[in-house]
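Here's the letter readout for the chains.
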Amino acid sequence: MDKAYQPAGEEKIYQLWEEHQAFTPTVPSSPSSARRHREPFVIILPPPNANDPLHAGHALYTVEDIMVRFHRMLGDPTLWLPGTDHAGIETQFVFEKYLQKEGKSRFDYDRSTLYQLISDYVSEKQGIAISQMKRLGFSLDWSRLKFTLDEDHTHRVYAVFRKMVEEGLVYRGEKIVNYCTRCGTAFSNLEVNYQEEVTKLYYLKYGPFTLATTRPETKFGDTAVAVNPKDPRYRQYVGQEITVEGLIGPFNVKVIADDMVDPKFGTGVVKITPAHDPDDFEAGLRHGLPIKKVIGLDGRLNELTGKYAGLKVAQAREQVVADMAQKGMIVKVDDNYVHRIGRCYRCNSVIEPMVTPQWFVKVDPLARPAVKAVEEDRVKIFPKRFKKTFLTWMANIKDWPISRQIIWGHRIPAWYVLDGTPQAVVSFVDQDKQIQSGFWKDLKGKFSFDLIKSGLQSLTVPADTKFYLSENEANEHGQYVLQETDTFDTWFSSGQWPYSTLGWSPDGRHSPDFEYFYPTTVLDTMWDILFFWVARMIMMGIYVTGQVPFRVAHMHSRVLDGKGQKMSKSKGNVINPIDIVNNYGADALRLALVIGVAPGSDIALSDDKVRSQRNFINKIWNASRFVLFHLDQFVVDNPQNITSLSPANFQKSQLKSKEDKEIIDKLDKLICSVTKNFNSYHFGLASESLYQFFWHDFCDLYLESVKSRSQEALPVLVYVLITSLKLLHPFAPYVTETIYQILGPKLNLEPLLLAKSPWPSPAP
RNA sequence: GAGCUUGUAGCUCAGUUGGUUAGAGCGCAUCGUUGACAUCGAUGAGGUCACAGGUUCAAGUCCUGUCAAGCUCACCA
């Protein structure tokens, strides 16, 4: 043995585990009845992005590895199923940046070509995350590796979508959504970052009123003006039609009364622009107001705005304000108005609320059973405080927009017949690689349908257009059939991950894996995707399988940099876990991430912390070296008595010395407390007590005390060491296995792998 | 505006269901080791457990309030 532990050997140990298929459980021939006898322990890995290397947060999947290794040693049939995520918007965004560097853009390609390009790009990078997970020692069953765009997963997602359509849970609607004009897609509320920003608040002359607005440029889309019903100042106007002077001519709007208006804000009068403001949109629904769109999906004012058409929103605002000022239409300007602006979580552009046709999931029927399951702890959320967060969020959940205007993802399986849909808008790349776009009715005379179809980039049809769930069916109703070009929100497909990866089948003939492993046991992830993902999985899982997808939702910590700062590329404080592994070994990193960390609290990953754990790993190594040295001597002296040292033959009652009894007592207590802490997800405590025991009780006290009688104490030394290695193994699989591989043959230990050896119980 | 979390040694934090003199790592001081240990060991300094009340035989741990910090959610133009 080297004087110090060499993490360089860790990769060989991982190979050893793989050769023995140590992480692949066997599925019994009658899975469902076997499951009734003994429930397996199952975790589905939250799939990391296929095209990205791991970041420090991913290293916290260590927590899952700890649980899985523990249960494997307990003898539970154990599965930890790996996968990677196509991560729709994220990946397309990264790829577009890459295209940009090449001087190209996504608009240079038709849909299927672009898809293929991204697909190639991703598969080129996909291996990185996987090899990094292996490097971290994750005991995943690679024989079951999945990808979110795998054909079988896609089929299941489609089948569930059709079921939802047939049961009225999916609808199309013209609704106001958060639209990023840069990314060219809608986002859910969760994907918008709101920031307080200082802007201007303009007080405009508006018919008989003066009103305050931050968005004068949307005046062209106003279809009403609102006051509070209780406001005496304006009561006389309610219900009347007023004439407002505009930059492109006067227009008429109705005065409505609505509680949404706060009489104390501004002048107590609000202009209503249903097409470009979420509140106004709601007000429009309440009062039956027309929706007048004046901003296009390209972020520019449209033809309804006269000379302002073609200007981007920000430019238009400047121009409009200047013109209004000239005409004396601005009463005053508040320069320091602080309010919240929504920005795209990907590219930070200002989110433009837009009314567009989108696909929605009616969420209420899905949410109610999910809420119930959590309330009744059929899905236990740990730490408990997140349960309340979950329930309040679910109580306010709105219908879920599931369509995204990107191509990297599951294309929505709906087909339209264009024959009777003159308002359909298509854009496509023609034979000269030029983009053509416009109404289908205008283009169909100029281009062949086949050309449009093959060069298609996007198709937009009104929300009430009839759609079909298969191309064949659509073909029966017309000649010109195109598939929806929107893709599913990533969370719509990953929300189905637990049952889909295990082989749920729409026809009820599920795979043995599904019968045996579903529902899974624990879902562990960081709390930031509790709503994005965990909530969706619970809803979809119950809806589709009638069972919760997992019994426990375990929220792990967030990893911060050494100073407790959030890591970000812009700050340049991103820690690459693999760098740490290369410097100090995977075990040191794993321990540093869990030791003494309270459940759900943030963790600052400092170099100091990793180094101190590296020292601990080295301590384990050297204590073993000490034992090995005396063991070798024993073998020389008593080659035939080796079985007397085997931990299997260890008898507590035969101990004579006080130190021997004490250390075994402490070890027994340790076994109990570690086991208990494992079962209650207190890994921070478990690792801390192991650290304390091994370093201080075993090394500093016991080991020092027996130096004068090491041969006599050898059975105790061997027993305590081997037992400790087992207890430590979930945290530090590499050193412990390495040592076991050295000691094992000398002691004729069974089994051959520590990873497959049984969890210790107190000494007999 | 609502909710959640945090406030314990110089620094970073543990302390799960309330129970003996409040702990760890790093740092610091003194000494000792280099035949298990890129060191390691021994000893020590250092905390009115944010503040004020309350429940209890007993509170860092439960309750109420105050102060401070952070996070999340929310439709105020």
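Heads up: the structure comes first, above all this text.
Conventions adopted
Every chain begins its residue count from 1, and numbering advances along the sequence as written. Written order determines the labels here, with chains lettered from A and ligands numbered from 1. Residues qualify for local features only when their pLDDT is at least 70, as the model is predicted, and side-chain atom pairs are given and counted only at 80 or more; totals for whole chains, interfaces and linings, by contrast, use all residues. Where side-chain values are given, they derive from all heavy atoms of the structure, hydrogens and water being excluded. Note on conventions: DSSP H or I runs of at least 4 residues are helices, E runs of at least 2 residues are strands, and numbering of each starts at the N terminus. With a 1.4 Å probe rolled over the protein chains alone, any residue whose accessible area is under 20% of its type maximum counts as buried; one over 50% counts as exposed, and the rest are partly exposed. For this analysis, residues touch if any pair of their heavy atoms sits within 4.5 Å. The accessible surface values rely on the Shrake-Rupley method and a 1.4 Å probe; as for residues, cover is taken only from the protein chains in view. Two residue types count as positive, namely Lys and Arg, and two as negative, namely Asp and Glu; His and chain ends fall outside the count. Each charge is placed at NZ for Lys, CZ for Arg, CG for Asp and CD for Glu. A strand pair is defined by DSSP finding two or more bridges across the two strands. Here an angle of 0 to 180 degrees is reported between the N-to-C directions of two axes, which are lines fitted to C-alpha atoms, with helices fitted over the stretch in contact. Salt bridges, as used here, are contacts in which a Lys or Arg side-chain nitrogen is within 4 Å of a carboxyl oxygen on Asp or Glu. For classification purposes, angles smaller than 35 degrees are called roughly parallel, those larger than 145 roughly antiparallel, those between 65 and 115 roughly perpendicular, and all remaining angles oblique. Crossing chirality is assigned from the near helix's rotation relative to the far helix, an anticlockwise turn below a right angle marking it left-handed and a clockwise turn marking it right-handed. What makes a residue near a molecule or strand is one non-hydrogen atom of that residue sitting within 4 Å of it. Polar contacts here mean pairs of N or O atoms no more than 3.5 Å apart (in protein, one a potential hydrogen donor and the other a potential acceptor; neighbouring residues in sequence count only if both atoms are side-chain atoms). In this classification, the charged set is Asp, Glu, Lys and Arg, the nonpolar set is Ala, Val, Leu, Ile, Met, Phe, Trp, Tyr, Cys and Pro, and all remaining amino acids, among them Gly, are polar. Stacked, edge-to-face and tilted labels apply to pairs of Phe, Tyr and Trp rings (six-membered ring for Trp) whose centres lie within 6.5 Å, assigned for plane angles under 30 degrees, over 60, and everything in between, in that order. In this scheme, the term charge over a ring applies when either NZ of a lysine or CZ of an arginine sits within 6 Å of the ring centre and within 35 degrees of the ring normal. Between the first and last residue of a helix there are one fewer steps than residues, each counted as 1.5 Å, and that sum is the expected span. The arc refers to the directions leading from the helix axis to the C-beta atoms.

> If you had to explain the overall build of chain A to someone new, which residues and values would you point to?
The helix and strand inventory of chain A stands at 25 helices and 28 strands. In terms of principal-axis extent, the alpha carbons of chain A reach across some 105 × 60 × 50 Å. The proportion of buried residues among the 764 residues of chain A is 57%. When contacts within chain A are restricted to residue pairs at least 6 apart in sequence, long-range pairs at least 24 apart make up 78% of them. For chain A, the accessible surface area stands at approximately 32600 Å², while carbon and sulfur atoms represent 49% of it. Computing the positive centroid from 89 side-chain charges and the negative centroid from 89, chain A places the two 3 Å apart.

> Please provide a residue-by-residue account of the sheet that holds strand 16 (residues 400-401), values included.
Pairing is antiparallel across the open sheet formed by four strands, whose spatial order is 6-5-14-16. On the outer flanks of this sheet lie strand 6 (185-187) and strand 16, each paired with one strand and no other. Here strand 5 (residues 170-180) runs beside strand 6; their pairing, made up of three bridges, is antiparallel. Each bridged residue has a counterpart across the sheet, and for Tyr179 the counterpart in strand 6 is Ala186. Strands strand 5 and strand 14 (352-361) of the sheet are contacted by helix 8 (residues 278-287), whose axis makes an angle of about 145 degrees with strand 5.

> Before we move on, can you summarise the pattern of salt bridges with the specific residues and values?
In the structure shown here, the tally under the stated rule is 45 salt bridges. One salt bridge connects Asp141 with Arg144, and the closest N-O pair in it is separated by 2.5 Å. One exposure class covers both Asp141 and Arg144, and it is buried. A salt bridge links Lys652 to Asp668; its shortest N-O distance comes to 2.7 Å. Residue Lys652 is found in the loop between helix 21 (607-637) and helix 22 (658-679), and its partner Asp668 is found in helix 22; the two are separated by 16 residues along the sequence. Overall, the relative accessible area of 26% leaves Lys652 in the partly exposed class. For Asp668, a relative accessible area of 8% translates into the label buried.

> Kindly report on the packing of helix 21 against helix 23 (residues 683-705), identifying the contributing residues and their values.
At their nearest, the axes of helix 21 and helix 23 sit 11 Å apart, and the two run at 40 degrees to each other. When the interaxial angle is binned, helix 21 and helix 23 end up oblique. Of the two elements, helix 21 crosses helix 23, and the hand of that crossing is left-handed. Contacts between helix 21 and helix 23 pair Ser612, Gln613, Asn615, Phe616, Lys619, Ile620, Ala623 and Phe626 from the former with Leu690, Tyr691, Phe694, Trp695, Cys699, Asp700 and Leu703 from the latter.

> Would you mind going over the protein's contact with RNA strand B in detail, with residue names and values included?
Surrounding RNA strand B, one finds 44 residues, the nearest of these being Tyr5, Phe265, Asp279, Asn622 and Trp695. Here the atoms of RNA strand B within 4 Å of the protein split so that 59% fall in sugar or phosphate, with bases taking the remainder. Separating a sugar or linking oxygen of RNA strand B from a backbone N or O atom of Ala212 is a distance of 3.2 Å. When grouped by side-chain class, the residues that make up the surface near RNA strand B number 16 nonpolar, 13 polar and 15 charged.

> Account for unusual backbone geometry, naming residues and giving values.
The residue after Tyr518, namely Pro519, is reached through a cis peptide bond having omega -5 degrees. Looking at where Pro519 falls in the secondary structure, it is placed in the loop between helix 17 (512-517) and strand 25 (520-526). Despite not being glycine, Gln21 has its phi angle at roughly 45 degrees, a positive value. Of note, the phi angle at Ala87 is positive, near 45 degrees, even though the residue is not glycine. The topology assignment puts Ala87 in the loop between strand 3 (83-84) and helix 5 (88-101).

> An account of the side chain of Glu64 is requested, with residue identities and associated values reported.
Structurally, the position occupied by Glu64 is in helix 4 (residues 62-74). For the buried Glu64, which has no salt bridge, the nearest side chain bearing the opposite charge is Arg72, at an N-O separation of 11 Å. The residues touching Glu64, leaving out its near neighbours within four places in the chain, are Ile43, Ile44, Leu45, Pro46, Trp80 and Asp524.

> Residue-level account of the packing of aromatic side chains, with values.
Enumeration according to the criterion identifies 47 aromatic pairs in this entry. Ring centres of Phe187 and Tyr345 lie 5.7 Å apart, and the angle between their planes is 85 degrees; on these two criteria the pair is classed as edge-to-face. Separated by 158 residues along the polypeptide, Phe187 in strand 6 and Tyr345 in the loop between strand 13 (330-344) and strand 14 bring together distant segments of the chain. Residue Tyr345 is classed as partly exposed on the basis of its relative accessible area, which comes to 25%. When the ring of Phe678 is compared with that of Phe731, the centres are 5.5 Å apart and the planes differ by 25 degrees; the resulting orientation is stacked. With Phe678 in helix 22 and Phe731 in the loop between helix 24 (710-728) and helix 25 (733-747), this residue pair connects regions lying 53 residues apart in the sequence. An identical accessibility class is assigned to Phe678 and Phe731; each is buried. Three or more aromatic residues joined by ring pairs form one cluster here, namely Phe70, Phe382, Phe678, Tyr681, Phe683, Phe731 and Trp759. Above the plane of the ring of Tyr203 lies Lys332, whose end atom (NZ or CZ) is 4.5 Å from the centre. It is Lys441 that lies over the ring of Phe439; its NZ or CZ is 4.3 Å from the centre.

> Quick rundown of the sheet that holds strand 20 (residues 435-439)? Include the residues and the values.
Strands in a sheet are paired, the pairing made by backbone hydrogen bonds, and the direction either parallel or antiparallel. Spatially, the three strands line up as an open sheet ordered 20-19-21, and their pairing is antiparallel. Only two strands of the sheet have a single neighbouring strand rather than two, namely strand 20 and strand 21 (456-460). Averaged over neighbouring strand pairs, the angle between their axes works out to 10 degrees when direction is ignored. Strand direction decides the pairing type here: strand 19 (residues 425-429) and strand 21, joined by four bridges, are antiparallel. In the strand pairing of strand 21, Val425 is matched with Thr460.

> Summarise helix 9 (residues 313-326); cite the residues concerned and give the values.
In an α-helix, one full turn covers 3.6 residues, which means residues spaced three or four apart are oriented alike. Relative to the 20 Å expected for 14 residues at 1.5 Å per residue, helix 9 spans 20 Å between its end C-alpha atoms, a close match to the ideal helical length. Taken as a whole, helix 9 has its buried residues at Val313, Ala316, Val320, Val321, Asp323 and Met324. The arc that holds the buried residues of helix 9, viewed along the axis, is 170 degrees, so those residues lie on one side. Exposed and facing more than 90 degrees away from the buried side of helix 9 are Ala314, Glu318 and Gln326. Looking at the packing, one finds that the buried side of helix 9 touches strand 7 (192-206), strand 13 and strand 14. Trailing helix 9 by a residue or two, Gly328 shows a phi angle of about 75 degrees, which is positive.

> Any details on the environment of Lys293? Residues and values, ideally.
The topology assignment puts Lys293 in the loop between helix 8 and helix 9. Separated by 229 residues in the primary sequence, Lys293 and Glu64 place their C-alpha atoms 49 Å from one another. Look past the residues within four positions of Lys293 in its chain and what remains in contact with it is Glu174, Ala275, His276, Asn302, Leu304 and Val355. Among the polar contacts listed, one links the side chain of Lys293 to the backbone oxygen of Val355, at a separation of 3.1 Å.

> Tell me about the pairing of strand 11 (residues 251-257), and please be specific about residues and values.
Looking down a regular strand, the side chains alternate between one sheet face and the other. Alignment of strand 9 (residues 224-227) against strand 11, held across four bridges, turns out to be parallel. Residue Val225 lies in a different strand from strand 11, and its bridge partner there is Val255. With four bridges joining them, strand 10 (residues 241-244) and strand 11 adopt antiparallel strand pairing. Across the sheet, the residue bridging to Val244 is Phe251, located in strand 11. Hairpin connection between strand 10 and strand 11: a loop of six residues separates the two successive antiparallel strands, and Gly249 in this loop has a positive phi of roughly 110 degrees.

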